[in-house]
Amino acid sequence: MVWNVHFQFAALIIALVIAIMCFGQKRLNFAAERAFTRLLFVVIACIILDIISIFVINYRDEIGPTLTQVSCKIYLLSIVFVACQASFFSVAEIRYTFKKTWIYATYLPLIAEVLVFFFFPVKIYVNGNEIYTYGVPVLATYAFCVLYLVSTFVMVLLLRDKINLKRRYAIYFWMIAWLAAAVVQFINNELLVVSFAMSIGCMYMYCKLENPEYHLDFATNVFNRKGFEMIMTEHIKYQEKKALVNMEVRDMNMVNEVFGAHAVETVIMAISKFADNIPDSTLFRLEDNLFCIALDKPEDAEKALEYIIKRFELPWTVENGTIEIGVSLSYIEDTLKFKSVDDLEEVVHYFAAESVKRPSGEILTVNDEELATRQRSLEIRHAIEWALHNDSIEVYYQPIYNIKEGRFSAMEALIRLRDDKGSLVMPSDFIEYAEKNGMILKLGEAVFRKVCEFIQRMHVDEYGIEYIEVNLSVVQCIQTDMARILKNIMGEYQIPPYRINFEITETATGSSKVIDKNMRELLDYGCSFSLDDYGSGYSNLTYVVNLPLKIIKIDKLITDSYFLSEKVRIATEYTIEMLHKLGMEIVVEGVDSEEKYLAFKRMNAEYIQGYYFSKPLPRDRVLNFIQEWL
């Protein structure tokens, strides 16, 4: 008897080890993983059938010709089936794009192989150490396997832009291994290495692509960000609706400072185990303190959120006792609202950050309204970035009328910017966003440079303009090097400091130490300051008295309300009288009618700003407008 099964047993051991390693870990069960599992099972079955066929051939006289033929043909059919499953595996990531007719057509060589078996017997050759089968069924098996390999190669080549690079390399390795084994076995029938080539191909694909550990967070043994991207990509492609609960764990810095890094690991592990036990869900750890729970049944979201909130109302155990931990929750109702996993992941992180701004345990529901707000924020951000990069920031100037002198003696610089479509974006749309995201620093510097260039190039003093007012945001005011930056820019354009008056708001005055330092430095340099929007907030007189202010600008809200309320009228008149006694000058904003102009003129306000005289004008028009008044 010839027991030439060394390669088969080696192949079986390799394949079984891969199966043990594969199923010994948590699995996401996405399409590619399922395709690999099917391929691995078929390979194991094929190797076992190979061993059985050799056993049957050796005992063919006792077993009989019928069972011998059946055994050999089933093994040959399993080889073709392996090639078929390998073809499915190669396009598992994009199989959803194929029509069912093409998928059914993939099985045609298998059907043809079965038909060949009905009409042609398998011939057996045994001589010395040689044992192999031959005949039409064997040739058909070779032919159909080559057909699968060639078609798979062509398919992968044509769809290479859609198929993951690592998957392409794995498929190429598989095909090369198979072809090499087939050539070796065809030339030397004694070397039965096809099964061994199958197992080696599976081992390479497992190590390169399908190891479940690639999708696991080693610290908590829950799925990681890569796993999230893999499974959510598939859900979006296959239009499988999911709901996501995002859980940002708070207070970890405090835990680290008080109890140490080990306590942080203990708490995170405990939270992971708790969240991983939520029924019908999959848990992902996207960042150190950010977890995402994908719910198989979106209707269970309310129950899951309540479950999480109740648990976080209880303390968590650490080595030296217990500690209370806060949690920020955001809930995405439907993952199918997103076209790609990149969009979805960006939304998860965005609203996780937004939820942290809310009280612990409060749920931020990510609905259409919230998504629209976020989309508008992205558009604004893009517009700001584009404007900064392409120097499309514009400065408009609103003339300020000097009542006593009967002319325009100052202007306020107001920022405007254009997006990539050339459309003008108003400050009300982007200033608040820029302040929240720190982009106001670059915007403010860009505006100030343009103002200095305007003063230098246009010689505004020849038009009677004594100074230009430039707004400083709260974010700029709290920068310790603000004064240095502004002085450097004025020096670069050789602008006399008295030509600049900086406007600050009541909000900025709250950072008294920093703003006072910056103000003193700029005042010593020769600039002046005014308080903008006086009356729009709490109008804290402490700041007005203590800060080195030259001008107080009465907010448009007061200007409008003066004619609507007797109390406002009395308060406004006394306020202007008080500010005059403190030695300050008054600019009244929002004056848009003769009635308002005359009323504040009677109260001895020094300056008027508003549409009654002029709206903000671009730099090339504002001086022409002022020229007409000279």
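Up top is the structure these notes are about.
Treat the numbers as computed from the prediction; the structure is a model and nothing was measured.

Rules used in this analysis
Residues numbered from 1 in each chain as written. Predicted model: local features only at pLDDT ≥ 70, side-chain atom pairs only at ≥ 80, totals over all residues. Heavy atoms only, no water. Buried < 20%, exposed > 50% of the residue type's maximum accessible area, 1.4 Å probe, protein only. Helix = DSSP H or I, 4+ residues; strand = E, 2+ residues; numbered from the N terminus. Pairing = 2+ DSSP bridges. Axes fitted to C-alpha atoms, helices over the stretch in contact; angles between N-to-C directions. Parallel < 35°, antiparallel > 145°, perpendicular 65-115°, else oblique. Left-handed = near helix turned anticlockwise from the far one by under 90°. Contact = heavy atoms within 4.5 Å. Core = buried A, V, L, I, M, F, W, Y, C linked by side-chain atoms within 4.5 Å.

**A word on the pairing of strand β10 (residues 393-402)**
Of all ten residues in β10, nine are buried, a share of seventy percent or more. Pairing between β10 and strand β11 (residues 407-418): ten bridges, direction antiparallel. Across the sheet, residue Tyr 397 finds its bridge partner in β11, namely Ala 413. What sits between β10 and β11 in their antiparallel hairpin is a turn of four residues, with Gly 406 showing a positive phi close to 65 degrees. Pairing of β10 with strand β19 (residues 617-618), which is carried by two bridges, proceeds in the antiparallel orientation. In the sheet register, Tyr 397 faces β19, and the bridge partner there is Leu 617. As paired elements, β10 and strand β18 (residues 607-608) share two bridges and run antiparallel to each other. Within the sheet, the bridge partner assigned to Tyr 401 lies in β18 and is Ile 608.

**Some details on the packing of helix α2 (residues 31-58) against helix α4 (residues 65-90)**
The interhelical angle for the contact between α2 and α4, taken along N-to-C directions, is 160 degrees, at an axis separation of 9 Å. The angle between α2 and α4 places the two elements in the roughly antiparallel class. Here α2 runs over α4; the crossing is left-handed.

**Points about the sheet that holds strand β9 (residues 363-366)**
Spatial strand order, β4-β5-β3-β8-β9: five strands in an open sheet with mixed pairing. Edge positions in the sheet fall to β4 (281-285) and β9, since each of these pairs with one other strand and no more. Taking each pair of neighbouring strands and ignoring which way they run, the sheet shows an average axis angle of 20 degrees. Sheet analysis places strand β3 (residues 243-249) next to strand β5 (residues 290-295), joined by six bridges and oriented antiparallel. Its bridge partner being in β5, Ala 243 is matched across the sheet by Leu 295. Sheet strands touched by helix α12 (residues 261-276): β3, β4 and β5. Its angle to β4, the strand with the most contacts, is close to 155 degrees.

**Some details on the nonpolar core**
Counting 87 residues, the largest nonpolar core has Trp 174, Trp 178, Phe 228 and Phe 284 as its most contacted members. With twelve residues, α2 is the single largest residue contributor to this core. Once you skip the residues sitting within four places of it in the chain, Phe 284 turns out to touch Leu 28, Phe 223, Asn 224, Gly 227, Phe 228, Ile 231, Met 232, Leu 290, Phe 291, Cys 292 and Ala 294. Residues Phe 430, Leu 486, Tyr 534 and Ile 586 belong to the second largest nonpolar core, which totals 78 residues.

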